[in-house]
Amino acid sequence: MEKLRLAIIGQGRSGKNIHGKFLISENNTLWEVAYVVDLDERRRKVAETRYPGCKTFADYHELFKLDDIDLVVNSTYSEMHAPITKELLLAGKNVLVEKPFGRTRYECDELIRIAEEKGVTLAVFQQSFLAPFYPFTYNLVKSGKLGDIVAVNIRYCGFGRRWDWQTLQKRCAGSTYNTGPHPIGLALGLLDFDKSTRVAYSKLVASPLSSGDADDYAKILLVADGRPSVDIEVSQLDAYSDYHIKLQGTKGTYTTNIRSYKMTYITDGENPEMPVKETFIANEEGEPIYCSENLIKHTEEGTFEGDAFGVAVHEFYTQLYHKIKDGTPMTVTPEMAAEVISVIETVHAQNPLPLKF
């Protein structure tokens, strides 16, 4: 197939080590890196070697003079995502913008409106929806194998500290804006983006562990009418979290991380209902004992091939190619990403942190 030409703005961790890493891999057969923009001269020189044949610029406005660009990847600092994307859309460019989509829902809705008015493609890089563990989890919920899902726990946690720009509120940073779009997006997905979804409780902490003034701990409880509660935790203070998603259903429990899953469940008919006793349960001697039985249970475990930074990136760029070429819908839409920002904006409004920088 004919390759599409793209420009990357930014050669930081995301622009270089996620987007760039995929685009120079053998898995990329659909895209050609034609232009790279970065303020740093050294990074521009590296890019000219890394992406053979590309031209580099220090100013992204140079891209507006070119008509041979099929896509611009906006992998700039977080607070620059919305304003630069707006300029690019107004100039008639197709744009893939890194997460977070914007700081506010208003910014996101404005970008969606401009893209529609200009007739261009706008995509938001929330590729975790395409990581193998997530569709497996989603389909498990829908299968009924675990019964009715009562509670969902989502954990994106680790133990460590940062002292870069991702610790500064003025850069639209912190755990909720930086890491949060992944678990919040998956949470909303498991709720089928129900319009009744709301933030029932939230807490943000800017601990002394990290520098800066942004949050490095977030607790968010989402509820929706007739849906399970979803407990989200994003933390740099948790050294012992070993899963990303846990499901508790009326027939069993399931946990998964990016690489593997396990579940324990019961099946209909194998454990007949026990009649209720209005008095205590007794042993043969008539002494009260605790209810105890050996349920017939089933266990299952497995692994996933690929993760959010491998097959998910490949699938995202493949879908985006066909969206631009053929108008084929993508799994992840800007409207989904805007809902994520609604949650983050609400959480920050509920937990204002003092600005120190």
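What you see is a predicted model; the values in this text were computed from it and never measured. (Residues numbered from 1 in each chain as written. Predicted model: local features only at pLDDT ≥ 70, side-chain atom pairs only at ≥ 80, totals over all residues. Heavy atoms only, no water.)

Novice: Can you help me understand the packing of helix H5 (residues 133-143) against helix H7 (residues 181-190) in this one?
Specialist: Packed helix pairs are characterised by how far apart their axes lie and by the angle those axes make with each other. Axis separation between H5 and H7 bottoms out at 10 Å; the angle between their running directions is 25°. Relative to H7, the element H5 is oriented roughly parallel. Viewed along their axes, H5 and H7 form a crossing whose handedness is right-handed. Side by side, H5 and H7 meet where Phe133, Tyr134, Thr137, Tyr138 and Val141 of the first sit next to Leu186, Gly189 and Leu190 of the second. Of the residues contributing to the contact of H5 with H7, the split by class is six nonpolar, two polar and no charged. (Axes fitted to C-alpha atoms, helices over the stretch in contact; angles between N-to-C directions. Helix = DSSP H or I, 4+ residues; strand = E, 2+ residues; numbered from the N terminus. Parallel < 35°, antiparallel > 145°, perpendicular 65-115°, else oblique. Left-handed = near helix turned anticlockwise from the far one by under 90°. Contact = heavy atoms within 4.5 Å. Nonpolar A, V, L, I, M, F, W, Y, C, P; charged D, E, K, R; others polar.)

Novice: Can you help me understand the packing of aromatic side chains in this one?
Specialist: Aromatic rings considered in pairs are described by the distance between their centres and by the relative angle of their planes. Here the structure, examined in full by the defined rule, presents 16 aromatic pairs. Between phenylalanine 129 and tyrosine 134 the ring centres are 5.6 Å apart and the planes differ by 85°, which places this aromatic pair in the edge-to-face class. Among the residues examined, phenylalanine 129 registers a relative accessible area of 8% and is labelled buried. The exposure class of tyrosine 134 is buried, given its relative accessible area of 6%. Joined through ring pairs, the aromatic side chains of Phe22, Trp31, Phe125, Phe316, Tyr317 and Tyr321 make up one cluster. The ring of tyrosine 77 carries the charged tip of arginine 171 above its face, separated from the ring centre by 4.1 Å. (Phe/Tyr/Trp six-rings, centres within 6.5 Å; stacked < 30°, edge-to-face > 60°. Buried < 20%, exposed > 50% of the residue type's maximum accessible area, 1.4 Å probe, protein only. Lys NZ or Arg CZ within 6 Å of the ring centre and 35° of its normal.)

Novice: Would you mind going over the sheet that holds strand S12 (residues 252-256) with me for this structure?
Specialist: Where strands meet in a sheet, backbone hydrogen bonds hold them as pairs that are either parallel or antiparallel. The strand order across the open sheet formed by eight strands is S8-S9-S10-S7-S11-S12-S13-S16, and the pairing between neighbours is mixed. Edge positions in the open sheet fall to strand S8 (198-205) and strand S16 (298-303), since each of these has one partner strand only. On average, each strand axis in the sheet is inclined to that of its neighbour by 10°, with strand direction left out of account. Where strand S7 (residues 149-157) and strand S10 (residues 229-235) come together, seven bridges link them in parallel fashion. Counted as the bridge partner of asparagine 153 is aspartate 231 from S10. Sheet contacts for H7: S7, strand S9 (217-223), S10 and strand S11 (245-249); angle to S7, the most-contacted strand, approximately 165°. Its contacts with the sheet place helix H9 (residues 334-350) against S8 and S9, and it is angled at close to 60° to S8. (Pairing = 2+ DSSP bridges.)

Novice: For this particular structure, what's the right way to read the nonpolar core?
Specialist: Soluble, globular proteins show a tendency: their nonpolar side chains are buried together. Ranked by size, the top nonpolar core spans 97 residues in total, and within it Trp31, Phe101, Leu222 and Tyr317 carry the most contacts. In terms of residue count, H9 provides more of this core than any other element does, eight residues in total. Those residues within four positions of tyrosine 317 in sequence are excluded, and the remaining contacts are Leu6, His19, Phe22, Leu23, Trp31, Leu71, Val73, Leu96 and Phe125. (Core = buried A, V, L, I, M, F, W, Y, C linked by side-chain atoms within 4.5 Å.)

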